[in-house]
Amino acid sequence: MRAWALLVVLGLVGGVARAQTDIAASVYGAFTGTVTGNGVTQSPANQGGAMVELHHQSNPLVGYAVTYSWNRADQRYTGGQVTCGQVCGNQPMTLTVHVPANAHEVTAAWEIGVHMLNLRPFLLAGGGVLFHQPALSSSATKDHTAGVLVYGGGVDFGLAPHLGIRAQYRGNVYSAPQLSTAFSSTKAFFNTAEPMVGAYLRF
């Protein structure tokens, strides 16, 4: 029984005794909830994006990944009151501003994973920098740069010795971007969920 168990363990980890590097490309959805602070409500749009990833694993358990991702990240700000004038009888109205924007993210993360036949489940944690840029630059908008914490996990499914599918969930925690000069910052934090799927090429 002990010999059988030893053979199984050797079979599971034997394929990763050497260093492995892969390049992956994925598409994902970015889903972020609404936050409120300083009298301002900020509502990001749920939109899609793409990510490229360089992953290196030098031992059977631990590796790291460096990524670049892009997605649309439109923001809607609501708060305060303005008077609309004689058209609506000088009644106060809530001010709402929609800012079309793009998000660019660069991260590095540690990964812990184990190969099991054609599967490699893994967990990841790391950080990086997130750049929010209004799609249309004007005096009413501004860029926003912030640090981002990244966490998540996923699984690789090998289709061939050097090709496979990668499905993963990544969560991003960062300060809510202040893109409109008409509002003060909410001083809140977003937690963006990014379920994604893609393919990797291992070499």
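As a starting point, this report considers the structure included with it. (Residues numbered from 1 in each chain as written. Predicted model: local features only at pLDDT ≥ 70, side-chain atom pairs only at ≥ 80, totals over all residues. Heavy atoms only, no water.)

### Section: the side chain of Thr 107
For Thr 107, the location among the structural elements is in strand E8 (residues 101-113). Given a relative accessible area of 4%, Thr 107 falls into the buried group. Looking at Thr 107, its side chain comes within polar contact range of the side chain of Thr 67, at 2.5 Å. If sequence neighbours within four positions are ignored, Thr 107 has contacts with Ala 65, Val 66, Thr 67, Gly 127, Gly 128, Val 148, Val 150 and Arg 170. (Helix = DSSP H or I, 4+ residues; strand = E, 2+ residues; numbered from the N terminus. Buried < 20%, exposed > 50% of the residue type's maximum accessible area, 1.4 Å probe, protein only. Polar contact = N/O pair within 3.5 Å; in protein donor to acceptor, adjacent residues only side chain to side chain. Contact = heavy atoms within 4.5 Å.)

### Digging into the environment of Ala 24
Structurally, the position occupied by Ala 24 is in strand E1 (residues 20-30). Apart from residues no more than four positions distant in its own chain, Ala 24 is found in contact with Met 51, Val 52, Glu 53, Arg 166, Ala 199 and Tyr 200.

### A closer look at the environment of Thr 32
If you trace the backbone, Thr 32 turns up in the loop between E1 and strand E2 (35-37). Placed 139 residues apart in sequence, Thr 32 and Gly 171 show a C-alpha to C-alpha distance of 10.0 Å. When residues no more than four places from it in sequence are discounted, the contact partners of Thr 32 are Pro 44, Asn 46, Tyr 174, Phe 190, Asn 191 and Thr 192. A distance of 2.6 Å separates a polar atom in the side chain of Thr 32 from a polar atom in the side chain of Thr 192.

### Focus on the sheet that holds E8
Pairing is antiparallel around the closed barrel formed by eight strands, whose spatial order is E1-E4-E5-E8-E9-E10-E11-E12. Between one strand axis and the next, the sheet turns by 25° as a mean value, whatever way the strands run. Here nine bridges tie strand E4 (residues 47-57) to strand E5 (residues 62-72), and the two strands are oriented antiparallel to one another. Residue pairing across strands places Gln 57 opposite Gly 63, the latter belonging to E5. (Pairing = 2+ DSSP bridges. Axes fitted to C-alpha atoms, helices over the stretch in contact; angles between N-to-C directions.)

### Structural notes on the nonpolar core
Counting 13 residues, the largest nonpolar core has Val 35, Leu 124, Leu 130, Val 148, Tyr 174 and Phe 190 as the members making the most contacts within it. Mapped onto this core, the elements with two or more residues apiece are E8, strand E9 (119-134) and strand E10 (144-160). For this core, the leading source of residues is E9, giving three residues. If sequence neighbours within four positions are ignored, Leu 124 has contacts with Ala 109, Trp 110, Glu 111, Val 150, Tyr 151, Gly 152, Gly 153, Gln 168 and Arg 170. (Core = buried A, V, L, I, M, F, W, Y, C linked by side-chain atoms within 4.5 Å.)

Honestly, it's all geometry; don't read function into it.
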